[in-house]
Amino acid sequence: MEGNKIVDDYMKLNIDDPRELYRGVNAELDGIIGELTAESDDEQLSGTQRDAHSLLQEHRSNLQGQLEALETNAEWYTFTIAFYGETGAGKSTIIETLRVLLEEASKLQDQEAFREFQNKHDLTAEILDELHHEAERLGRELEDLRDKYEEKSAKYDQLSAESSNKITQFRELVLERKRTAPLWQKFLHLFRKTEEELALAREEQQLGKIETENESELSALNEQKTGQESQLAETRYKLQEFRERLPELEALSDGGIIGDGRSDFTQRIQRFHFSVAGQEFALLDVPGIEGTERLIAEEIEKALQAAHAVFYVTNQPAPPQTGDQERRKGTLEKIKMHLGASTEVWCVFNKKVINPKYALKDRPLISEDEHASLQELEGKMEEHLGSYFQGVRPLTALPAFLAVTDHFAPDSQNARRRKKALSEFEAGQLIELSGVEAFIRFIQYSLLEDSQQKIQRANLFKVKDALDKTAVVLDQVGEGISELAANLRLGEQSSKKQIRSGFSSFRKRLESSAETSIDRFSSDVLNEVYSEIDDDISNDAFKTKLEQLIETHQERLSERLKKAMAQQIVRFEKETGNIVKRFEDKSRELTDIYTTIASADIDRDFNLKLDIDNGLRLTNLLSVIVGGALLWWNPAGWLVIGMGAASIAIGAYKAVRGFLSSSYKKAQQRKAADENLGNIISQLRESLEESLEQGLPEMEKTITEIEQALARPANKARAHADLINQTNTKIKTLSGMVEATGAL
């Protein structure tokens, strides 16, 4: 109830003018992003706001692009249904069947053009059959004439050969008789022919007759054959002319939008308008979803932005396949990606039926096994699309398509398929058995019910979905940067602890080095002055020597202290520098890891643009520590020896020196040396302590600045995450405004 109250409290957007809806949403987004442009007095916060503004502007531009696309492609007046699925599923076949059955206007025009072209050029199946039969008849008759011609020709060739042989024989006999006959017979033959000559003349006459008859009969047959060849050539020419015009007729045939199996057959959205019982609606034929070309992807997106209901068409009674391990999207992932913003999704199982005789006669359209598989498919679709998935509608489109129209080119594949299908079924019977009639009734009486409310709801939901997707991305970004901030904070705290520990060790080492050097100074001076005392020097010589030794070893002490100080400073600088470098390296590593993960999770090119940089040049700060330490650590400045005290001690001795023995003098000189060095050592230690108390706080200030610099990446990430989360909350509120407007 509380959630509903919040929605009720949202301002509602104007949807009387669709353009105002998109402008209103964009105006709200401009206001949200614009809040980040206000400069803050805090320089660091201002920088963070600029970074967040840059990041959010990317998402704002992407979201604005989606809203502009929705404004361009969304349909607010005609209920629009998209047929969506893989190539070969039969989307276009279903649409083409509906175009014919529902007498879609452009389809009627196409069919009229088909009939006009067909009638103009006599391109009917009957005429094609007549031409085929005529060509076959003429071909057979021509073959018969050729056979007869060959037979006659062979017969006359045989008769002619036989007659020619006889003539040759008679001629040889006549020549032989003339050669061997007596003279008187030769004389007699001048006036009377021999029997052989008479037989030769008769045979020559017979050969002439044979040749005349042969020429006459063969000439007649040749004339018949020529005439038949001419008729056959004319018929074949007509047949060729008929076939040459068939592609033009085929282009006008029904089924032109149906693909041939190529994945790129349909590259552009095809839109068809219908009017059924006073209800206006449109169908969109969408390119196959397996296409990877940018053009096809854009066309699919346009179609789904315009659609108010989607039919996912498949010819497999099984759940869609998922992608492989190489992050290549499968059908199921594409469905979820493409249809996630759709408020009404149906699955159309287009059963693949090639021969209706074996698939539809005396049996149901869907078998028990297919029914069980479709239930599994339905469950999987509900799992991914939720309540917006409405169910499965089975049909088989190809038999219905073949039954509803005869506008096919003669002897085309569809014409042959139609003839075969209708040899077993009446056209109306086949349409009913295919499930297409039931599908039309479903569209008319169920899908189109309350279509205007569905249009509004679908379009508003797409706007809300675009906002929600951006909110999901920003949720991921905000969570990631928050996690990054926490990890940076841990690194910061660890680095601070290490630096503080190192600074404490640094001070202890300084004190230890100074103490060691002072002890050595005292020991060296005493050893040397005692050696001089043992030589029984005078008090004046003692004083002079003590002053010389103190001055000499003071210089040495100063050098040793400087060297020891330099070593400790270098060591502290190196240790602190390593700590800072490890922190910076780890910070960059964390940022890089987050950016990579964010890009993978969001599934798009992603640039965090979060500059994890301490911003204070820590190397320079370390130099400040070194330079400052060298300024306040100046042994020459605080090695002030109390020579006045030494002189007083020696002066007091002088007053009684004449009354004392040599051993007593030595003892007094040693005592004076001890007391003077004791005073000097005490002063040195006091000066050292004062110097540390004055100098170390200055170093601590710089270390505090380093700690502040170490804190800045985490602070900046945290502030960045807070700004993104605040902005995202406002985007979610805007989504709620859209939801309240459409009562989604």
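For the structure itself, consult the block above.
Calculation rules
- Residues numbered from 1 in each chain as written.
- Predicted model: local features only at pLDDT ≥ 70, side-chain atom pairs only at ≥ 80, totals over all residues.
- Heavy atoms only, no water.
- Salt bridge = Lys/Arg side-chain N within 4 Å of Asp/Glu carboxyl O.
- Helix = DSSP H or I, 4+ residues; strand = E, 2+ residues; numbered from the N terminus.
- Buried < 20%, exposed > 50% of the residue type's maximum accessible area, 1.4 Å probe, protein only.
- Core = buried A, V, L, I, M, F, W, Y, C linked by side-chain atoms within 4.5 Å.
- Contact = heavy atoms within 4.5 Å.
- Pairing = 2+ DSSP bridges.

Student: Just checking my understanding: could you explain the pattern of salt bridges for this structure?
Tutor: Should their charged atoms come close, side chains of opposite charge can pair. Evaluation of the coordinates by the stated rule reveals 42 salt bridges. For Arg-507, the salt bridge goes to Glu-511, with nearest N and O atoms at 3.2 Å. Highlighted residues: Arg-507 and Glu-511, both in helix α17 (residues 451-534), separated by four residues, approximately one helical turn. Judged by its relative accessible area of 24%, Arg-507 falls in the partly exposed class. For Asp-536, the salt bridge is made with Lys-665, and the minimal N-O distance between the two is 2.6 Å. A residue pair is termed long-range when its members are at least 10 positions apart, and Asp-536 in the loop between α17 and α18 (539-602) and Lys-665 in helix α22 (residues 662-742) qualify at 129 residues. Salt bridges sharing common partners tie together Glu-96, Arg-99, Glu-104, Lys-107, Asp-110 and Asp-254.

Student: Could you clarify how one ought to interpret the environment of Ala-672 in this entry?
Tutor: Considering the arrangement of structural elements, one finds Ala-672 in helix α22. Of the residues examined, Ala-672 reaches a relative accessible area of 5% and is grouped as buried. As a C-alpha pair, Ala-672 and Phe-542 span 130 residues in sequence and 9.8 Å in three-dimensional space.

Student: How should the nonpolar core be read in this particular structure?
Tutor: As a rule of thumb, soluble globular proteins bury nonpolar side chains together. Ranked by internal contacts, the top residues of the largest apolar core, which has 37 residues, are Phe-506, Phe-521, Val-529 and Phe-542. Of all elements in the fold, only α17, α18 and α22 reach the threshold of two or more residues within this core.

Student: Before we go on, may I ask you to explain the environment of Ala-306 in this structure?
Tutor: Relative to the helices and strands, Ala-306 is located in helix α9 (residues 294-306). What makes Ala-306 buried here is its relative accessible area of 6%. Linking Ala-306 and Ile-81, residues 225 residues apart in sequence, is a C-alpha distance of 8.5 Å. Setting aside anything within four residues of it in sequence, one finds Ala-306 in contact with Asn-73, Ala-74, Glu-75, Thr-80 and Leu-284.

Student: Just checking my understanding: could you explain the pairing of strand β4 (residues 309-314) for this structure?
Tutor: For a regular strand, the rule is simple: side chains alternate between the two faces of the sheet. With six of six residues buried, β4 lies mostly within the body of the structure. Residues Ala-309, Phe-311 and Val-313 line one face of β4 and the alternating positions Val-310, Tyr-312 and Thr-314 line the opposite face, and both faces are buried. Judged from the five bridges that link them, strand β1 (residues 79-85) and β4 form a sheet pairing that is parallel. Across the sheet, residue Ala-82 finds its bridge partner in β4, namely Val-310.

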